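Notes for the structure review
Now for the letters of each chain:
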Amino acid sequence: MKVWFNKGLSNTYDALVSIRDSDLEKRFHLRATHTDPYSAVSTAAHAFAVEPPGLDPEAYVAWCLAQCVEHGIRLFVPQRRREVIAARREAFEAQGVKLSVMGSPSILAMVDRKHDLYNDLRGTSVPIPLFRTFRTLDAFDAAVAELEPRVGRLCVKPCVGVFGAGFRILERDGCEFQRLLSGDSFRISFAAFRAALAESPQERDMMIMTYLPGTERSVDILAYRGKLVQAVSRVKIGSHQILEKEGPSVALAAFLTERYALEGVFNLQTKEGEGTPYLLEINSRMSGGLVYSSMSGLAFAYWNLMLVAGLATPEEVPLPRAGIRVVPVQGCLGL
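Figured I'd write up the structure that's included with this text. Computed from a prediction, not measured in an experiment: that's the story for all the values here. (Residues numbered from 1 in each chain as written. Predicted model: local features only at pLDDT ≥ 70, side-chain atom pairs only at ≥ 80, totals over all residues. Heavy atoms only, no water.)

Quick word on the overall build of the chain
From N to C terminus, the chain includes 13 helices and 16 strands. By the compact-globule yardstick of 20 Å for 335 residues, the chain fits well, its C-alpha radius of gyration being 21 Å. With respect to the principal axes defined by its C-alpha atoms, the chain has extents near 60 × 45 × 45 Å. Of all 335 residues assigned to the chain, the portion counted as buried reaches 46%. Taking contacts inside the chain between residues at least 6 apart in sequence as the whole, the part at least 24 apart equals 64%. On the chain, roughly 16000 Å² of surface is accessible, and the fraction owed to carbon and sulfur atoms is 53%. (Helix = DSSP H or I, 4+ residues; strand = E, 2+ residues; numbered from the N terminus. Rg over C-alpha atoms; globule rule 2.2 N^0.38 Å. Buried < 20%, exposed > 50% of the residue type's maximum accessible area, 1.4 Å probe, protein only. Contact = heavy atoms within 4.5 Å. Areas by Shrake-Rupley, 256 points an atom, 1.4 Å probe, with all protein chains shown as cover.)

A closer look at the sheet that holds strand β2 (residues 29-34)
If you walk across this open sheet you meet the five strands as β3-β2-β1-β4-β5, and the pairing is parallel. With one partner strand each, in any of the chains shown, β3 (47-50) and β5 (98-99) form the two edges of the open sheet. The pairing of strand β1 (residues 2-5) with strand β4 (residues 75-77) spans three bridges and is classified as parallel. Paired with Trp4 across the strands is Phe76, a residue of β4. On top of the sheet, helix α13 (residues 300-308) reaches β1, β2, β4 and β5; it is set at about 140° to β4, its chief contact. (Pairing = 2+ DSSP bridges. Axes fitted to C-alpha atoms, helices over the stretch in contact; angles between N-to-C directions.)

Here's the deal with the environment of Phe255
Along the chain, Phe255 falls in helix α11 (residues 248-259). Residues Phe255 and Ser125, 130 residues apart in the sequence, show an inter-C-alpha distance of 9.3 Å. In this structure Phe255 touches Thr124, Ser125 and Val126, once residues within four positions along its chain are discounted.

Topic: the state of the cysteines
All chains considered together, the criterion is met by zero disulfides. Between Cys64, a cysteine without a disulfide, and Cys68, which holds the nearest cysteine sulfur, the sulfur-to-sulfur distance is 6.9 Å. The exposure class assigned to Cys64 is buried, which follows from its relative accessible area of 0%. We note that Cys159 lacks a disulfide partner, and the nearest cysteine sulfur, in Cys155, lies 12 Å from it. (Disulfide = S-S within 2.5 Å.)

Quick look at the sheet that holds strand β8 (residues 168-171)
Taken in spatial order, the five strands make up an open sheet running β6-β10-β7-β8-β9, and their pairing is mixed. Since the sheet does not close on itself, it has two edges, and those belong to β6 (131-134) and β9 (187-189), each with one partner. Pairwise comparison of adjacent strand axes, ignoring direction, gives a mean angle of 30° for this sheet. One ladder, built from three bridges, connects β8 with β9; its direction is parallel.

Topic: the nonpolar core
Membership of the largest hydrophobic core comes to 35 residues, with the highest contact counts inside it found for Val3, Leu16, Phe28, Leu222, Trp303 and Leu305. Put simply, the parts of the chain that give this core at least two residues each are β1, α1 (11-22), β2, α2 (41-44), β4, β11 (216-224), β12 (227-237) and α13. Residue contributions to this core peak at eight residues, all from α13. Once residues lying within four places of it in the same chain are set aside, the contact partners of Phe28 are Met1, Val3, Asp23, His46, Tyr302, Leu305, Met306, Ala309 and Leu311. (Core = buried A, V, L, I, M, F, W, Y, C linked by side-chain atoms within 4.5 Å.)

Right, dumping it as structure tokens:
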């Protein structure tokens, strides 16, 4: 079966390697594309091509559909432009192409906007941090006045964003210049943030919320037709991570998978406040740390292909191992 992974993050390389290592019966022929002709995925796929730059979303989807037809793709795992590709599912299926995306276009759009996800989960059993949204300085000041007496420490982040870009812990004490010299990019004074906000065009939705100081977990999930098949929760402790396969964060992943009819390989993150794991976000793509979770013995990307292709049932997916401590190892690749 010909399988295509379009342009994605560096974890696409890890996923392709994991699939090839697991595919002992050579069921899958892997095609990868990227705008960079020297992308590492070119060494991991059976076939590689360069994507055209500068296409708008609709033109890109049309190009993807044409690529599937031209190259006989039967399973497409989009990394880029997932929402617009998911909206054209019927067009791909009409050409005999199965899509592997986390959810419907509306679900993908909702989880991408963290405040929309939080609002949708109000009244459920899912612990959500207390938050408010803002754009203007007046709205920020009003939110601070309301929340700070109730929760103490506050943090801010964009409603839409990846890699923690824009996340800051707001501080009343300390020297802003010392924070700058420390190299800690996650802390900022209220005064410095207010000054930056006052000078901004104020066109982006932001969240101000409870700062959760406890243990952070990143849960990598393999789901099929709205049911969690297997999951590995990574407990982040300094430079290493410990792998778990059960606990409140995994139970939370199972609930959300069923609530939103999710499938494929995706990720969610939690952080504890007073011992309770609060949902931070759902990532509709493979996580950057999926390579760590795969150390549990579960090749997430491979078993996703097996399930979507109809070559395995959820019951045949192996159980991950838990209690493993993993650390990153730096390396390089010659192209």
